[in-house]
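# Chains, contacts and geometry: an overview
Below, each chain spelled out in residue letters.
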Amino acid sequence: MRFNGKKILITIASIIVAVGLIVGSSVFYGRASGIPVIQRFASDMAAFFGRGVSAPTSVLSRSTNSLTQLFKTYEENQHLVKRVDRIAADQIRIQTLEKENKELKANLKLKNSLTDYQTVSAVVISRTPSSWNSQLIINQGINAGIKKNAPILDSRGLIGKVSQVSNTSSKVTLISNMTADADRFPVQVNSGSTTINGVISGYNRSSDQLILDELSTQSTIKKGSLVQTSGLGGILPKGLYVGRVASVRDDAYGVAKQIYIRPAADLSDISSVLAVTQVGGE
Amino acid sequence: MNNRHVSTHRFFRPAIVYPVILIVLIFVDGSLMAAFSGFLSFANWTILPNLTFIGIFYTIHFRSDRHFHFWWWLVLLGLLFDLYYTQSIGSYLTAYLLSAYTVFLLDPHIPYRILSSFWTVATGLLVFYSLIYITGILTGEVNISLVNYLIFTVFPTIFINSLIEMIFYRPVESLTYIINS
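Not measured: the values here are computed from a predicted model.

## Some points on the interface of chain B and chain A
Contacts between chain B and chain A engage 43 residues on the former and 44 residues on the latter. Of all elements in the fold, only α1 (14-35), α2 (37-40), α4 (70-85), α5 (91-106), α6 (114-138) and α7 (146-167) of chain B reach the threshold of two or more residues within the side of chain B that touches chain A.

The following block contains the structure:
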């Protein structure tokens, strides 16, 4: 391959155009509240085909998982039998508390709060084949009432939030996605009578733990304490279960504390989710 | 391989079949990642399915690129990937184009054998994932070091995808012959 002046000029111009397009579009999507109509149409069409393609792979995956789960069943069964009685007792307690909460809200004339939210179920049809861009594509969008920044949960806890939404599909940025333009998740740790607010600012891939810093106090945190969304910032509702405290360590400079959280949800194995469509009195 | 004659069957025309296959492969990559993410990501290791690139390699290697507007379709594939999976336009478009061009330049100099094709695919994938890393830096998405990325993601990804390419080499060669002749 020979290089002459014209070819070099075309190469340089192509590089400039490519870099401009990549950086420009990244900045645009980071700031835009919605996506252009053409892209929405393209995303809907792509999601339609994606659903068709994902059907056989999902069946294959379910079969493989069933086989893997079969080996774990006996051990799990023993463990779960012990918990069933406790769950029944907890359910009765929750019902009583819910009733009491409703009555107290009525007394205080509180119609809606950040802990009230409605959900819609969705199926994961695709996942970005990339090592850092942890995004899922789900089969529900604007038509189902999903908006940008809507929290996404699986059966065990918070997994992320909607970053882009089209009519029939949405892109979900996982809680483990720590890219520069990804919004941080404000959470709180409840340790005994102490509540500590902070922001999830990192993810340790090897230990599968979220890192919480910018803590509001330096109080002592117990291992195993519950972590939930704080509702601060107004994007996520309060009280979505995130996980449990795995450890508390000093940060890289030894000045502040960092809390390591084991997420409740298995972020590597998500097949169906719940999208929060309404929070409080929206 | 004689690829001069083109199938007259309406739905077997290379100009229809190859673009459709390549587009489907883009969705297959994502659905494989969603369905088997537990197997594909473990501890620090991540294996990224890239059947689309394998399809691109077969298209160039078996000279099927002469039967349809390959490079234009490649632009469309890259755009589709960016729009569907990412939050920036141009990353995968550039990566697919340049890695395909690398294969296009390299392939005629490599012996026409299965084992040799492993190295062509590996080189193409190395170019592909290097470009993805560079574009990731540009958009501020990269959160791992280059060394970790190469060791824990790129090399296992290249190995597995090149292995898949070798396994399907003969069946795809036969299929290509049927479509092109």
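## Some points on the UniProt feature "transmembrane region" (unreviewed entry) in chain B
Per the UniProt record, "transmembrane region" (unreviewed entry) is annotated on residues 12-36, 42-60, 67-83, 118-140 and 146-169 of chain B. Helix makes up 82% of residues 67-83 of chain B and strand 0%, whereas the separation of the span's terminal C-alpha atoms amounts to 27 Å.

## Some words on the sheet that holds strand β6 (residues 185-191) of chain A
Residues and elements named next belong to chain A. Read around the closed barrel, six strands run β6-β7-β8-β11-β10-β9, paired in antiparallel fashion. On average, adjacent strands in this sheet sit at an angle of 45° to one another, irrespective of strand direction. The pairing of strand β10 (residues 241-250) with strand β11 (residues 257-263) spans seven bridges and is antiparallel. Across the sheet, residue aspartate 250 finds its bridge partner in β11, namely lysine 257.

## Description of the packing of α1 of chain B against helix α3 (residues 51-61) of chain B
All names here are of chain B. For the pair α1 and α3, interaxial distance at closest approach is 8 Å and the crossing angle is 155°. As judged from the angle between their axes, α1 and α3 are roughly antiparallel. Residues Tyr18, Ile21, Leu22, Leu25, Ile26, Val28 and Asp29 of α1 touch α3, and the partners they reach there are Leu51, Thr52, Gly55 and Thr59. Taken together, the residues of the contact of α1 with α3 sort by class into seven nonpolar, three polar and one charged.

## Brief notes about the sheet that holds strand β5 (residues 170-174) of chain A
Sheet strands line up and pair through hydrogen bonds in the backbone, either parallel or antiparallel. All names here are of chain A. Within the closed barrel, the six strands sit side by side as β1-β2-β5-β4-β3-β12. Their pairing is antiparallel. For this sheet, the mean angle separating the axes of adjacent strands, direction not counted, is 45°. In this sheet, strand β12 (residues 272-279) lies alongside strand β3 (residues 151-153) in antiparallel orientation, the contact comprising two bridges. Among the inter-strand pairings, isoleucine 152 is bridged to a residue of β12, identified as alanine 275.

## Observations concerning the confidence of the model for chain B
For residues with low pLDDT, the predicted coordinates do not support detailed interpretation. All names here are of chain B. Of the residues in chain B, 94% reach a pLDDT of 70 or more, and the chain-wide mean stands at 88. Within chain B, the element-level pLDDT minimum falls on strand β1 (residues 41-42), averaging 79, and the maximum on α3, averaging 95. Scoring the predicted complex yields pTM 0.80 and, for the interface, ipTM 0.81.

## Topic: the environment of glutamate 165 of chain B
Residues and elements named next belong to chain B. The residue glutamate 165 is located in helix α7 in this model. Among the residues examined, glutamate 165 registers 26 C-beta atoms within 10 Å and is labelled buried. Residues glutamate 165 and phenylalanine 155, 10 residues apart in the sequence, show an inter-C-alpha distance of 15 Å. When residues no more than four places from it in sequence are discounted, the contact partners of glutamate 165 are Ile54, Phe57, Ser117 and Val121.

## A closer look at the packing of α6 of chain B against α7 of chain B
Residues and elements named next belong to chain B. In contact at an axis separation of 9 Å, α6 and α7 are set at 145° when each is read in the N-to-C sense. Every pair of crossing elements has a handedness; the one defined by α6 and α7 is right-handed. Note on element contacts: α7 touches α6 through Leu146, Tyr149, Val154, Thr157, Ile158, Asn161, Ser162, Glu165 and Met166, opposite Ile114, Ser117, Phe118, Val121, Ala122, Leu125, Leu126, Tyr129 and Tyr133. Of the residues contributing to the contact of α6 with α7, the split by class is 13 nonpolar, four polar and one charged.

## Considering helix α1 (residues 5-31) of chain A
Here α1 of chain A spans 39 Å end to end across 27 residues, near enough to the 39 Å set by a 1.5 Å rise per residue. The buried fraction of α1 of chain A is low, at two of 27 residues.

## Some thoughts on unusual backbone geometry
Phi at asparagine 149 of chain A is positive, roughly 75°, even though this residue is not glycine. Looking at asparagine 149 of chain A, the number of C-beta atoms within 10 Å reads 17, which means it is partly exposed. With a phi close to 60°, arginine 63 of chain B is a non-glycine residue in the positive phi region. Within the secondary structure layout, arginine 63 of chain B lies in the loop between α3 and α4. C-beta crowding within 10 Å serves as the criterion here: with 13 such atoms nearby, arginine 63 of chain B is assigned to the partly exposed category.

## Focus on the pairing of strand β1 (residues 117-127) of chain A
As paired strands, β1 of chain A and β12 of chain A are joined by seven bridges and run antiparallel to one another. Residue pairing across strands places threonine 119 of chain A opposite valine 276 of chain A, the latter belonging to β12 of chain A.

## Quick notes on the environment of serine 191 of chain A
All names here are of chain A. Position of serine 191 relative to the elements: it lies in strand β6. Spatially, the C-alpha atom of serine 191 lies 8.2 Å from that of threonine 220, the residues being 29 residues apart in sequence. Among all residues touching serine 191, those that are not within four sequence positions of it are Ile221, Lys222 and Ser225.

Conventions we followed
For every chain, the first residue of the written sequence is number 1, and numbering continues from 1 onward in sequence order. Labels are handed out in written order, letters beginning with A for the chains and numbers beginning with 1 for the ligands. Thresholds applied to this predicted model are a pLDDT of at least 70 for local features of residues and 80 or more for the giving and counting of side-chain atom pairs; totals over whole chains, interfaces and linings are not thresholded and use all residues. Throughout, a pair of residues is in contact if the C-beta atoms placed from their backbones lie within 7 Å. Working definition: helices are DSSP H or I runs of at least four residues, strands are E runs of at least two. Numbering for both runs from the N terminus. UniProt positions are given in the numbering used here, feature names are shortened, and annotations may be inferred rather than shown by experiment. Note on pairing: two strands pair once DSSP finds at least 2 bridges between them. Axis geometry follows a simple rule: fit a line to the C-alpha atoms, using only the stretch in contact for helices, then measure angles between N-to-C directions, giving values from 0 to 180 degrees. Orientation labels follow simple angle bins: below 35 degrees gives roughly parallel, above 145 gives roughly antiparallel, 65 to 115 gives roughly perpendicular, and whatever is left gives oblique. In the scheme used here, Gly and all other residues not listed as nonpolar or charged are polar, with Ala, Val, Leu, Ile, Met, Phe, Trp, Tyr, Cys and Pro taken as nonpolar and Asp, Glu, Lys and Arg as charged. The predictor reports its confidence for every residue as pLDDT, a score running from 0 up to 100. Remark: C-beta atoms are placed from the backbone, and a residue is labelled buried if 20 or more other C-beta atoms sit within 10 Å of its own, exposed if 12 or fewer do, or partly exposed between those counts. Handedness of a crossing follows from how the near helix is turned relative to the far one, being left-handed for an anticlockwise turn of less than a right angle and right-handed for a clockwise one. An expected span of 1.5 Å times one less than the residue number is assigned to each helix.

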